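Coordinates in review
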Amino acid sequence: MSYTPEEQPTIEDTAYLIAPQWAKFRLDMLRSFPSPYKNERDSLADGIEDAIRQLDQLKPEKNGGPAYLGTNPALTIDFEDIKDSYLSPKMNTSTEVIRQVIKLFEGLPNWGHPLTMCNVNPQGNTAAIVAAVLSEIFAPNILEGEYAWNTHQAELESGGILANLAGWEPKKSGCVYTYGGSGCWTYHLKYALTRVLPDSRKKGIRTEAKVICSQQAHYTMLNSTDWMGLGMDNIIRIKTDVNTNAMDTQHLEEVLRDCRDKEIPVASIVCTMATTDVNAFDPVQEVRRLLDNYPNPEEYGKVLLYCDSVIGWSWIAFKNYDFKANPLGFSDAVLPYLEKNYNAVKGIFYADAFGVDFHKTGFSPYISSVFVYKNAEEFESLLSREVQAYLQPRSPYNPMNYTLEVSRAATGSMVGWATLKFFGHEGFQSVLGGILENKVYLQSQIAKKLEMVCVNSSDYGLVTLLRIYPAGVDAPSQFDLELTNPDFREELIKHNKLTHAIGDKLFEWFRSGKKINGQHTPYLSFSTGFRMAEYNRDLKDAKAVIYAIKMFPMNVYITPEVMSHALNCIIAARDEVVLSIDKQSVLTV
Ligand SMILES: *Cc1c(COP(=O)(O)O)cnc(C)c1O
């Protein structure tokens, strides 16, 4: 017997009446727990349907609506007092709680909105979102077979598909879903430390082993070395090439030689496979060659080679694409770059492990990152722990014996797996290629505006970076001087400040619901130094770096009109900032 959301309990009303109060509350709860039986009018199905309708009401009108949810873009939390909160003495209804949950979404960025172009965080695809929600309902726990049962297939099959894409033997490889690209980094470090310093599992890390990555590597290297107990000072950062921003292998070799001469063990080398802002791919094959020439001293294990490919991984879906016949019909402007990105990322073949963020270039919800390793036997035995007495192995697959986490929700693995099943090769190719087609369009529009210049036209990542100057300035030649000529350092810094102010202005406009030409303004972001000036290669001068406005035309709802509108908004923001600077300087004169 169960109750509909509207009904009061109907079982033997007298029984209800004479029940002790706690039992009455439990009966009331039947209306707020999903039914375990089929064909019941279920609080869950009703709750979800109702919640999605309410969320839908927060979405904007189709044409010209803002890129945030709801009508109030302001931050409304009372940060002073919010922590002064107590558990309510009364029980609530789930309907009421869901209403309160919906309210928290007010003002949130609408990731699927075409005006949202702030970062590599596209909206999730429907199959993945639904897969995530379903795994929250029946809550498989992929720590071991008994609680995961057939849902384990999602992790096992993801590992196989990704290993195949990398060109590895799928049956000998494996993967674990974990908490983000930073979790993947941490997994690699644990793997490396265990391999290189086998004693460290019991005795702790007592040796200053090094982790080597490039100057462009993601800052999560700090989290991982810190939390693993290796220490942030044990990171060695390799210089990058001024043009490609990739790891300079000559410098890498110097560092490896130095470590060898001093008998310092190297735990791992990390190749970043696509950085957020400049799409730099480190040369894995060459790194592998060097690494084999500079083995660790005998008493230590073999250096691990990890690809932090959490952004770049999905270009691997171009494996087997016929770039000559071009069956999907990509434009001539885009085709060579698709091939370039694919050729760069396919180097993960040479790695021992690589990381995948489905929430970035997999168009999936958080958290669905996966650490993929080539040698499952090695990884799983190196990290294995004794089986706990209170859980019995009920299937051949029990990753809790070697994972960082104990309980792991199946959510991430379901999301990743559903996404792989949904896109297939052609889906990934189209969604990624489409971003580059958008980028080509953006560049053509930027080129038409004298005072704007695209500052990353030679890389074909997901972001378009641009600088805008005061009206009348010839942006391409001004930028060229600022990039290459130390005499223009002061102007570079002045225009960096301008870029910063325009970026802030655009954010303020987005957050205040400002309209330009009758439409809301875009949600963009900016970089305070996506690269250094050419004369500042060793980064000795913290100010001689290049600021730029960032646009990520990623999501599938983006149109040429939206992109043109966004550029017009950047110009309008520039005008307003320049005007206010002029006013200030008049005042200070
Ligand atoms: C985003 C990113 C990370 C961190 O990943 P999270 O999923 O945010 O934890 C690490 N490395 C690179 C290259 C990234 O782009």
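Residues numbered from 1 in each chain as written. Predicted model: local features only at pLDDT ≥ 70, side-chain atom pairs only at ≥ 80, totals over all residues. Heavy atoms only, no water.

1. Notes on the overall build of the protein
Looking only at helices and strands, the protein features 19 helices and 13 strands. Computed over the C-alpha atoms, the radius of gyration of the protein is 27 Å, within 12% of the 25 Å expected from 2.2 N^0.38 for a compact globule of 589 residues. Here the protein holds 589 residues, and the buried ones make up 51% of them. For the protein, the share of sequence-separated contacts (at least 6 apart) that also reach a separation of at least 24 residues comes to 71%. A total of about 29300 Å² of accessible surface is found on the protein, and carbon and sulfur atoms cover 55% of it. When the 57 positive and 71 negative side-chain charges of the protein are each reduced to one mean point, those points stand 1 Å apart. (Helix = DSSP H or I, 4+ residues; strand = E, 2+ residues; numbered from the N terminus. Rg over C-alpha atoms; globule rule 2.2 N^0.38 Å. Buried < 20%, exposed > 50% of the residue type's maximum accessible area, 1.4 Å probe, protein only. Contact = heavy atoms within 4.5 Å. Areas by Shrake-Rupley, 256 points an atom, 1.4 Å probe, with all protein chains shown as cover. Lys, Arg positive; Asp, Glu negative; His and termini not counted. Charge placed at Lys NZ, Arg CZ, Asp CG, Glu CD.)

2. So, the site of the ligand
G180, G181, S182, H218, T220, D308, V310, I311, D357, H359 and K360 make up every residue found near the ligand. The contact in question runs from an oxygen atom of the ligand to an N or O atom on the side chain of H359, over 3.0 Å. Counting residues per element, the ones that place at least two in the shell around the ligand are α8 (180–196) and α14 (358–361). Top element by residues in the shell around the ligand is α8. It accounts for 3 residues. (Near = heavy atom within 4 Å. Polar contact = N/O pair within 3.5 Å; in protein donor to acceptor, adjacent residues only side chain to side chain.)

3. Describing the side chain of S314
Its location among the elements puts S314 in the loop between β5 (304–308) and α13 (335–345). Once residues within four sequence positions are removed from consideration, S314 is found in contact with T361, F428 and L432.

4. Here we look at the packing of α8 against helix α10 (residues 220–227)
Running from N to C, α8 and α10 cross one another at 45°; their axes reach a closest spacing of 9 Å. Judged by the inter-axis angle, α8 sits oblique to α10. Crossing geometry of α8 relative to α10 is assigned as right-handed. Contacts from S182, W185, T186 and L189 in α8 reach T220, M221, S224 and T225 in α10. Residue classes in the contact of α8 with α10 are distributed as 3 nonpolar, 5 polar and no charged. (Axes fitted to C-alpha atoms, helices over the stretch in contact; angles between N-to-C directions. Parallel < 35°, antiparallel > 145°, perpendicular 65-115°, else oblique. Left-handed = near helix turned anticlockwise from the far one by under 90°. Nonpolar A, V, L, I, M, F, W, Y, C, P; charged D, E, K, R; others polar.)

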